[in-house]
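Per-entry structural report
One letter stands for each residue in the lines below.
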Amino acid sequence: MRLRVGLLSSWLAISASLVAALPAFPNSQAARDVDEFDFVVVGSGAGGGPLACRLAKAGFNTLLIEAGGDANGNLNVSVPGYQAVVTQDPTLRWDIFVNHYKNQTQAKRDPKYVYETGHNEYHVGPSPPPGAKDLGILYPRGSMLGGSVNHNALIWITPHDRDFDTIAQLTGDNSWAASNMKKYLLKIYQWLPVMPTDPTILLRDLPLTRHLVAGAEAAGYSVPVLSPLARLGQLLLQSPNAPVPNRDFVEGYFQVPLTMKFGERQAVREYILRTVAEGHPLTVRTNTFVTKIKFDSSGPKPRATGVDYLQGEYLYKASPLHGTSSGTPGSVRAKREVIIAGGTFNTPQILKLSGIGPARELQRFGIPVIKNLPGVGTNMMDRYEVPVNVKHESDFSVLDGCTFDLKPHDLCLKQWQENPYIFAARGAYTSNGLATMMLQRSSFASTPDVDLSIFGGPLNFQGYFPGWHDFSVRDHKHFSWYSLKAHTRNRAGTVELRSSNPLDQPLINFNYFHEGTTAGGADRLDLGALVQAIRKSREALGDWANYPVLGGTPFVEENPGPSVQTDEQIGQFIKDVAWGHHAACTCPIGPDSDPMAVLDSDFRVKGVDGLRVVDASVFPDIPGVFIQSAIFMASEKAADVLIAEAKANA
Ligand SMILES: Cc1cc2nc3c(=O)[nH]c(=O)nc-3n(C[C@H](O)[C@H](O)[C@H](O)COP(=O)(O)OP(=O)(O)OC[C@H]3O[C@@H](n4cnc5c(N)ncnc54)[C@H](O)[C@@H]3O)c2cc1C
Ligand SMILES: *[C@@H]1O[C@H](CO)[C@@H](O)[C@H](O)[C@H]1NC(C)=O
Ligand SMILES: *[C@@H]1O[C@H](CO)[C@@H](O)[C@H](O)[C@H]1NC(C)=O
C-alpha cells in the first residue's frame with residue numbers, strides 16, 4: 001500500500017511512486033530532488049505513528065516508513081477478542097526469539113523453550129528430537145501499520161508520575177516532569193478512544209463473575225456473600241486511570257480500559273489513516289524495510305541525511321513468510337531529521353548497522369564507526385509476568401460459540417459483526433477477555449507506587465510459544481490470574497548484532513533475575529514481589545469458595561500446581577516460566593555525564609545531528625504498569641520538541 005496525499009502535487013506523487021518501482025531511479029538527480037521530506041520517521045507503532053501524524057498536522061512534509069503492510073479489513077486486528085489470534089497471523093508478525101538466561105540449563109527448564117526442527121517448524125518444551133536447533137523463547141512483535149499496538153492486548157493504563165519525574169531529575173530537563181507531561185495525555189485522548197469491557201457481557205456468565213467477585217475480595221473489598229453482583233458492578237466503574245489524589249499509590253480493584261471504540265480496536269493505525277485522509281502532508285510507505293541511516297560526515301559532527309531501504313513484503317527473516325527475496329533497494333532524504341522508531345529490538349539494530357553503537361561490536365562486523373556510543377542496545381528492561389491457571393469441570397458460557405478462528409462457525413464473530421452499533425449486543429469479542437484487575441503494592445516495592453497488576457480471565461494462557469493462542473483457548477474450562485511486576489529492577493538485558501545483515505534478527509539476552517541486576521538484592525526483591533503475587537492470586541481462588549450463590553463447577557490448579565507451596569518452590573516456578581512483553585530502555589535518555597546514555601532529553605542521538613529515537617527504547621527506566629501509554633506520551637512530547645525547534649529554525 002502507498003498513500004500519498006496532501007500538499008504534494010500529483011506529478012510529484014507519480015514520480016515518487018516510480019521511485020519505489022524502479023531501483024535505479026533513486027540514484028538520479030531528479031529522484032534525489034523528489035524523494036526528500038522534512039522528516040523521515042522509521043516505524044509506525046506506538047512511538048513513530050503519533051509523532052508522524054503530529055509533524056504532518058503541523059504542516060511538515062513527513063514520510064512514515066513501515067516494514068510491514070497495512071492490515072486493512074483484517075478482523076484479526078479489529079476484533080478485541082482476537083487479541084491473541086492476531087499475534088499468530090503470519091502476515092503481521094515477526095517471530096523474535098530471545099534468551100531469558102545465558103545458563104541454558106536454567107533456560108531450558110521453561111516449558112516454552114523453542115527448538116527449530118525445520119523451516120517454520122518447531123519443537124516446544126523438553127526432549128527435542130535429535131538435530132533440533134536451540135532458539136529460545138518466542139517474543140511476539142507486530143510488523144504492520146500501527147506496529148505492535150495492532151496486536152497487543154489493548155490494555156490502557158497511564159503511567160505513574162514518578163516515571164516522568166525521575167527523567168526530569170536525571171536530566172535536569174523539567175519538561176519531563178509529570179506535571180508537564182499530563183498535557184500530552186490530553187492530546188492523546190483527542191485521537192485515541194478508550195473503553196472498558198461492557199459489564200453486562202460478564203454478568204451473563206455468573207460462574208465467571210464468581211472469580212471476579214473473589215478477586216475483589218482478595219483485593220481488600222468486602223463483597224456481600226449472598227448478593228455480590230451490585231458491589232462488583234460498582235467496582236467495574238472504577239477506572240485505574242482516574243486522576244484521583246494519590247492515584248499511583250492506591251491499591252484496589254478496577255475495570256481494565258481498552259484502546260477500542262464500541263468494541264472495535266482502534267488506535268495508532270486509524271490515527272495515521274485519518275491524518276492522511278484529512279489531507280495533511282503525510283506520506284506512508286509500507287512494506288519498506290530500512291537498512292541504514294545515511295550520514296554526511298564532512299562537517300565537525302556527522303549529520304543524518306536520510307535512510308536506505310529495501311522495498312518488498314516480509315523481507316525481515318523474523319517474518320514467517322520471508323523467502324529468498326531481499327527486496328528492491330532505494331533511499332530517501334530528510335531535509336530536517338531522521339527519527340528511528342523501530343522498537344526496542346530494531347532501533348538499536350538499525351543504529352548499530354549505521355555505525356552508531358559500541359565501537360568494538362561494530363568493528364567486529366566491519367561496520368565503520370560513525371559515533372562510539374557504548375550504551376546502544378544495553379540497559380534493556382522488561383516486566384515479569386507469571387500465571388496461576390485453573391481448570392473447571394465445565395465450560396464458561398460467555399465463550400459459547402466462540403471458536404476464535406474467523407470461520408463461519410465462529411458464532412461470537414457473527415454476533416460481533418451483526419451488531420456494529422450496539423456495544424453490549426456485540427458480545428464476548430468486544431473484550432480482550434481480561435475485564436478486571438487488582439493493583440497491589442508488594443512489600444518488596446522500593447517506592448510508594450503500586451507494583452503489581454493482577455488480572456483475570458477465562459483462558460489458559462501460559463506465555464508465548466509458537467501456537468500459544470490455539471493452546472490457550474483449546475477448551476473453555478480454564479480461568480487464570482496473571483501478575484505483572486511493575487517497576488522491575490533488572491536492567492541487564494542486551495540487544496547485539498548477530499551479523500551485519502540487516503535482515504537477520506539481533507541476539508537478544510534478557511539475563512533474568514540472578515543473571516541480571518543483583519545490586520542491593522534487586523533480583524530477590526523482584527522475585528519476592530512475584531511470589532506475593534502468586535499468593536494473592538491463590539487467595540482470590542480461595543475466596544471463590546465464598547460465593548456458591550453464583551454457581552459454577554469446581555476447579556483444580558494446574559499451574560504452579562498444588563505441589564508448589566514454599567517461597568522457594570514458588571520462586572523456582574517463577575524463574576522457570578516468567579515471560580515479558582513490554583521490553584524497553586535499549587537507547588536510554590540520560591545526562592551527558594553518563595557515558596552509557598544514548599539520547600539527550602530531547603530524543604537526540606548523542607554525538608550526531610539530525611537523528612532522534614522515539615519509541616519504547618528511549619526510557620532510562622521501564623515506565624508504569626502497562627507501557628503503551630508512556631510511549632504514546634513520549635511520542636506526543638517528541639512532536640512538540642521537533643515542531644518547536646523546526647519553527648524556530650524556519
Ligand atoms: C502480545 C503483546 C501484548 C501487549 N499488550 C499490551 C497491552 O495490553 N498494553 C500495553 O500498554 N502494552 C502492550 N504491549 C506492548 C506494546 O504494544 C509495545 O510495547 C509497543 O507497541 C512498542 O512500541 P514501539 O513504538 O516501541 O514499537 P512497535 O509498536 O513494535 O512499532 C515498531 C514498528 O517499527 C517497524 N520497524 C521495525 N524495524 C523497521 C525497519 N528496519 N524498517 C521499517 N520499519 C521497521 C515494525 O514493523 C513495527 O511496526 C504488548 C506487546 C505484545 C507483544
Ligand atoms: C488471522 O490469523 C490466523 C492465525 O492466528 C490466520 O490463520 C488467519 O489467516 C488470519 N486471517 C487473516 C484474514 O489474515
Ligand atoms: C544453571 O542452572 C541450573 C538450573 O537452575 C543450575 O542447577 C546450575 O547450577 C546453573 N549453572 C551455573 C553454572 O550457574
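Basis of the calculations
Residues numbered from 1 in each chain as written. Chains lettered and ligands numbered in written order. Predicted model: local features only at pLDDT ≥ 70, side-chain atom pairs only at ≥ 80, totals over all residues. Heavy atoms only, no water. Disulfide = S-S within 2.5 Å. Helix = DSSP H or I, 4+ residues; strand = E, 2+ residues; numbered from the N terminus. Buried < 20%, exposed > 50% of the residue type's maximum accessible area, 1.4 Å probe, protein only. Near = heavy atom within 4 Å. Polar contact = N/O pair within 3.5 Å; in protein donor to acceptor, adjacent residues only side chain to side chain. Areas by Shrake-Rupley, 256 points an atom, 1.4 Å probe, with all protein chains shown as cover. Contact = heavy atoms within 4.5 Å. Salt bridge = Lys/Arg side-chain N within 4 Å of Asp/Glu carboxyl O. pLDDT = per-residue confidence, 0-100.

Evaluated as defined, the whole model comprises 1 disulfide. Covalently, Cys402 is tied to Cys412 through a disulfide, its sulfur atoms 2.0 Å apart. Measuring the twist about the S-S bond at about -80 degrees, one finds the Cys402-Cys412 disulfide to be left-handed. Of this pair, Cys402 sits in the loop between β19 (385-392) and α14 (411-418) while Cys412 sits in helix α14, placing them 10 residues apart in sequence. Relative accessible area serves as the criterion here: at 3%, Cys402 is assigned to the buried category.

Moving on, we get to the site of ligand 3. In the vicinity of ligand 3, the contacting residues are Asn103, Thr105, Gln106 and Arg109. Measuring from an oxygen atom of ligand 3, one finds a side-chain N or O atom of Asn103 at 2.4 Å. The separation between an oxygen atom of ligand 3 and a polar side-chain atom of Gln106 is 2.7 Å. When isolated, ligand 3 has an accessible area of 360 Å², and the protein chains bury 34% of it.

Attention now moves to the side chain of Ser483. Its place among the elements puts Ser483 in strand β22 (residues 478-485). Excluding anything up to four places from it in sequence, Ser483 contacts Tyr384, Glu385, Val386, Ser453, Ile454, Ala533 and Ser537.

Glancing now at the pattern of salt bridges. Applying the stated rule across the entire model yields 34 salt bridges. Between Arg489 and Asp526 there is a salt bridge whose closest N-O contact spans 2.6 Å. Placement of the pair is Arg489 in the loop between β22 and β23 (494-496) and Asp526 in helix α16 (residues 522-543), with a sequence separation of 37 residues. Assigned by exposure class, Arg489 and Asp526 land together as buried. Of the charged contacts in the structure, one is a salt bridge between Lys536 and Glu539, with a shortest N-O distance of 3.3 Å. Of this pair, Lys536 and Glu539 both sit in helix α16, 3 residues apart, roughly one helical turn. Judged by its relative accessible area of 18%, Lys536 is buried. By sharing partners, the salt bridges in this structure join Glu337, Asp600, Asp602, Arg604, Arg612 and Glu645 into a single network.

What follows covers the confidence of the model for the protein chain. Here the protein chain averages 94 in pLDDT, and 95% of its residues register 70 or above. Per-residue pLDDT stays below 50 along residues 1-33; that stretch engages in 57 contacts with residues further than four places along the chain or on separate chains.

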